[in-house]
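Descriptive analysis of the structure
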Amino acid sequence: MRKILDGVRILDFTDALAGPFCTKYLTDCGCEVISIEKPGGKMNRAIPFFFKGHGIEYIFNHCGKKSIVIDLKNNGAHELIMKLAKACDVIIENFRPGVMKGFGLDYQTFKVVNPSIIMCSISGWGQSGAKSELMAADVSVQALSGMLDLTGEPDGPPILVGFPVTDFLAGLNAFGAICAALYNRAVTGKGEYIDISMLDCAI
């Protein structure tokens, strides 16, 4: 049976939760997702709990995706990735801002080989601003957004929401933005760059 996004190919540089959660939804909608893994595999392959030796979080977020191991620090990696990007519709990553550019894999570079490419970056604090280069985790985003203060008893201490809600919010917002960008490209022929901040999504 045909799915709504059949024929769309995604090049996926994401790890941890927000990015893989987004590309899981894209996979469910019919996208061909090519997941780039570092040597040794993605970090959530090793996060407990396990089922038959495999991390449950990895199984949940990566089922249906294709996977290839590429060492981005290898001299031949750039040429290979550019070949893949030329044949893809969307690139998604969730490194700290500046990391992809450091590898020569920023939006402007991808546009040279694929002018209609859509690229989405997910980060804790966005691609610009005072905190942009800092690492982020769900707990720090919950804290800065005020979410911790809203959770728990009125006169009690801040309490962490019981699941990584800001990762899920960022992943869902990225999914929606990518779908909107794909529709816009179908109408105008133009790709675009999408900047998803976990903090923005939480607020």
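Refer to the structure printed above.
Notes on the structure in this doc start here. The structure presented is a predicted model; accordingly, all values stated were derived computationally and were not measured. (Residues numbered from 1 in each chain as written. Predicted model: local features only at pLDDT ≥ 70, side-chain atom pairs only at ≥ 80, totals over all residues. Heavy atoms only, no water.)

1. Overview of helix α6 (residues 138–145)
By the burial criterion, the buried members of α6 are Asp 138, Val 141 and Gln 142. Buried positions in α6, seen along its axis, are confined to an arc of 100° and lie on one side of it. Among the structural elements, α7 (147–150), α8 (165–188) and α9 (198–202) are those in contact with the buried residues of α6. Downstream of α6 by one or two residues, Gly 146 has phi in the positive range, about 95°. (Buried < 20%, exposed > 50% of the residue type's maximum accessible area, 1.4 Å probe, protein only. Helix = DSSP H or I, 4+ residues; strand = E, 2+ residues; numbered from the N terminus. Arc of directions from axis to C-beta. Contact = heavy atoms within 4.5 Å.)

2. Some points on the sheet that holds strand β8 (residues 193–197)
Read across the open sheet, the six strands follow the order β5-β2-β1-β6-β7-β8; overall the sheet is parallel. Strands with a single pairing partner mark the edges of an open sheet, and in this sheet they are β5 (66–69) and β8. Within this sheet the neighbouring strands show an average axis-to-axis angle of 20°, counted without direction. (Pairing = 2+ DSSP bridges. Axes fitted to C-alpha atoms, helices over the stretch in contact; angles between N-to-C directions.)

3. Structural notes on unusual backbone geometry
Even without being a glycine, Ala 16 presents a positive backbone phi close to 65°. Structurally, Ala 16 is set in the loop between β1 (9–12) and α1 (18–28). For Lys 52, which is not a glycine, the phi torsion comes out positive at approximately 55°. For Lys 52, the position within the fold is in the loop between β3 (50–51) and β4 (54–55).

4. A few points about the packing of α1 against α8
The geometry of α1 relative to α8 is characterised by a closest axis approach of 8 Å and an angle of 45° between their N-to-C directions. Considered as vectors, α1 and α8 are oriented oblique to each other. Once α1 is placed against α8, the crossing between them reads as right-handed. Between α1 and α8, the residues in contact are Ala 18, Phe 21, Cys 22, Tyr 25 and Leu 26 and Asp 167, Phe 168, Ala 170, Gly 171, Leu 172, Ala 174, Phe 175 and Ile 178, respectively. (Parallel < 35°, antiparallel > 145°, perpendicular 65-115°, else oblique. Left-handed = near helix turned anticlockwise from the far one by under 90°.)

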